[in-house]
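Residue-level listing of the chains:
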Amino acid sequence: MPFTDVVIIGSGIAALSAAKQLCKHKNVMIITKSRLEDSNSMLAQGGVAAVIDQHDDWQDHYHDTIVAGCFHNKDSAVKQLVKDGTIRIQNLIEEGMIFDQKEDGTIDLGKEGAHNRNRILHAGGDATGKLLVEFMLHQLKEKVTFVEQEMAIDLILENGQCSGITTIDLHGIVKNYIARHVILATGGCGGLYEVTSNAEGMTGDGLSIAFRAGAELSDLEFIQFHPTLLYTANGNKGLISEAVRGEGATLINDQGYRFMEGVHQQFELAPRDVVARAIQYERSQGRNVYLDISMIPHFDKRFPTITSICEEAGIDLSKGLIPVAPGAHFMMGGIKTNTKGETSIPGLYAVGEVACTGVHGANRLASNSLLEGIVFGHNLAQVILEQHNQTISSHLNTVRDIKPFKADLPEKNEIQKMMTTYVGIERDLNGLTFVKNWVEQYLSPHWLKGPLIKGTKEEVAVINMLTTSWLIITSAIVRTESRGGHFRSDYPMSLDKWQNNEIIRHNNQVMFTVDQSLVRSEINESNQINSNAATVFY
Ligand code: SIN
């Protein structure tokens, strides 16, 4: 049975940032369910937000982050992000990472929504994530063991401690990996929706795995919809970065009207939830929406990735119009961690989009996600390196207690359709209740309670989709207000009592009955779901 010091599930920027530090002193294995390059980080176009300009300061970046986050952010996490962010980016530059520069050799900082100044470093125009990931993968070459095309199914727990991970490969072979430390860096869950900017297969596996093991989760109702995905008659064709609006592009409908004028004083650079809702409204009235890019000189040079995405989709950019629609982009909630990446289960860590440090509040600020991965990945590695090695058993049963399941599972696209219709940019109690009942007809209580599952990779993926959907829906029902990435049309206002997240988290535990017969979960007003408290009735 393979044994390693640290096993990391996922291959995005947070995973690589942690691995980069850890591999100096530990054996590190990175396991990913598809190929190394299939991550959301690879697709990140806009860039990395960081305080680099001498006229900028961390307080300003902090301010923009918490305003975008609708004051739901965890203060200590935001301070760590913006202060450490500068150091980490400077380190990367010293190591040889090249960000785009102006003619005078200074870094060419771009602007994106809800930033009060130009603060976004980019590389290769709009290929920032790709170039950063390639840079880090190069640094890790021959220092880390990479395992591709193996999907994590469940954590191995021993006396309440996480001591490894069970995976399934393309041929259905189930394997156990024993490790002193397990890091979940599995990314987000945009693939639960019909239209998404996320990489193929980002359907919230990490959340389901952690939930089945009894880890606490937090703030799952907050899903960010990116306002501008390229949308043609053939569907969603990829992201059109907010940096395009940062360079001056406007949003118009097919009558040529710049509708953001009447919506927000920051127009197209208003917070993403505001812009996404305005576009959704236009589309619901039967009007198509376009990004007018005609004022951006040398568009193809500044945005080579977007230019080729558009060309592949048959868009004639000389007309200066790109058809767009919103799509699921980022999950603000996740596996609850402290700023060290520690979860409620000893030996289990989470980092990047799958984690919820509280740094993003209810709505992530543009270009803070690559920064999150870089900063919190590095800091988590330091925490592990400072620990004494604890003893773990390597005498675990090789044959795990895998319970077979018998169920008719829905198709992935049925789940995506239901999530888009009822748990999308706008939600209400009727829709949420309807979709919860729909999910529960398929969702076996076994899968919420925690036993391992036997099935093909595809079946496990669908069960994870159902589980994660159920968790998001349940959280969205509990939050009877609107804030950031959670808009309840039946409760359109934000409530003051939810503004101080810290106090509520500690003092206002409520028992929440999800359903008379299925599960009783303990959820507090921050929507932390403690699955240890879940009682399953048969
Ligand atoms: C974008 O380029 O618009 C996306 C970047 C981000 O989500 O921060």
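Here is a short report on the structure shown in this document. Since the structure is predicted, the reported quantities are computational estimates derived from the model, not experimental observations. (Residues numbered from 1 in each chain as written. Predicted model: local features only at pLDDT ≥ 70, side-chain atom pairs only at ≥ 80, totals over all residues. Heavy atoms only, no water.)

Scanning the protein chain from N- to C-terminus turns up 16 helices and 22 strands. Put simply, the protein chain has 538 residues, and 62% of those count as buried. Once local pairs closer than 6 in sequence are excluded, the contacts in the protein chain between residues at least 24 apart make up 72%. (Helix = DSSP H or I, 4+ residues; strand = E, 2+ residues; numbered from the N terminus. Buried < 20%, exposed > 50% of the residue type's maximum accessible area, 1.4 Å probe, protein only. Contact = heavy atoms within 4.5 Å.)

What surrounds the ligand is the set Gly46, His226, Leu239, Ser241, Glu242, Arg272, His329, Arg364, Ala366 and Ser367. At 2.6 Å from an oxygen atom of the ligand is found a main-chain nitrogen or oxygen belonging to Glu242. Contact between the ligand and Ser367: an oxygen atom at 2.5 Å from a main-chain N or O atom of the residue. In isolation the ligand offers 260 Å² of accessible surface; the protein chains occlude 96% of this area. A class-by-class count of the residues in the shell around the ligand yields 2 nonpolar, 5 polar and 3 charged. (Near = heavy atom within 4 Å. Polar contact = N/O pair within 3.5 Å; in protein donor to acceptor, adjacent residues only side chain to side chain. Areas by Shrake-Rupley, 256 points an atom, 1.4 Å probe, with all protein chains shown as cover. Nonpolar A, V, L, I, M, F, W, Y, C, P; charged D, E, K, R; others polar.)

Right, let's get into the packing of aromatic side chains. Overall, the coordinates contain 6 aromatic pairs when judged by the stated rule. Here the aromatic rings of Phe299 and Phe303 are separated by 5.0 Å at their centres, their planes lie at 40°, and the arrangement is tilted. An identical accessibility class is assigned to Phe299 and Phe303; each is buried. Between Lys83 and the ring centre of Trp58, over which it is positioned, the NZ or CZ distance is 4.5 Å. (Phe/Tyr/Trp six-rings, centres within 6.5 Å; stacked < 30°, edge-to-face > 60°. Lys NZ or Arg CZ within 6 Å of the ring centre and 35° of its normal.)

Turning our attention to the sheet that holds strand E14 (residues 321–331). Taking strand neighbours across the sheet as the criterion, the 5 strands line up as E11-E10-E14-E13-E12 in an open arrangement whose pairing is antiparallel. Bordering the open sheet on either side are strand E11 (235–239) and strand E12 (250–253), each of which pairs with just one other strand. Neighbour-to-neighbour, the strand axes of this sheet turn through a mean angle of 50°, independent of strand direction. As paired elements, strand E10 (residues 223–232) and E11 share 4 bridges and run antiparallel to each other. Across the sheet, the residue bridging to Thr232 is Gly235, located in E11. Here helix H10 (residues 304–312) sits on the sheet in contact with E10, E11 and E14, set at roughly 165° to E11. (Pairing = 2+ DSSP bridges. Axes fitted to C-alpha atoms, helices over the stretch in contact; angles between N-to-C directions.)

With that settled, consider the packing of helix H1 (residues 13–22) against helix H5 (residues 128–140). Contact pair H1 / H5: the axes reach a minimum separation of 10 Å and the direction vectors enclose 30°. Relative to H5, the element H1 lies roughly parallel. Read as a crossing pair, H1 and H5 show a hand that is left-handed. Contacts between H1 and H5 involve Ile13, Leu16, Ser17, Ala19 and Lys20 on the former and, on the latter, Leu132, Val133, Met136, Leu137, Gln139 and Leu140. Residue composition of the contact of H1 with H5, by class: 8 nonpolar, 2 polar and 1 charged. (Parallel < 35°, antiparallel > 145°, perpendicular 65-115°, else oblique. Left-handed = near helix turned anticlockwise from the far one by under 90°.)

A two-sided burial pattern is seen for strand E2 (residues 28–31), the buried positions comprising Val28 and Ile30 on one face and Met29 and Ile31 on the other. Here strand E1 (residues 3–9) runs beside E2; their pairing, made up of 4 bridges, is parallel. Each bridged residue has a counterpart across the sheet, and for Ile8 the counterpart in E2 is Ile30. Traced from E1 through H1 to E2, the parallel crossover comes out right-handed. (Right-handed = clockwise from strand over helix to strand, strands pointing away.)

So, about the pattern of salt bridges. Enumeration over the complete set of coordinates arrives at 30 salt bridges. Two residues, Lys20 and Glu95, come together in a salt bridge whose shortest N-O distance is 2.8 Å. Placement of the pair is Lys20 in helix H1 and Glu95 in helix H4 (residues 75–95), with a sequence separation of 75 residues. Notably, a salt bridge pairs Arg488 with Asp490, separated by 2.8 Å at the nearest N-O pair. (Salt bridge = Lys/Arg side-chain N within 4 Å of Asp/Glu carboxyl O.)

Moving on, we get to helix H3 (residues 58–68). Buried residues of H3: His61, Tyr62, Asp64, Thr65, Ile66 and Ala68, and no others. Trailing H3 by a residue or two, Cys70 shows a phi angle of about 55°, which is positive.

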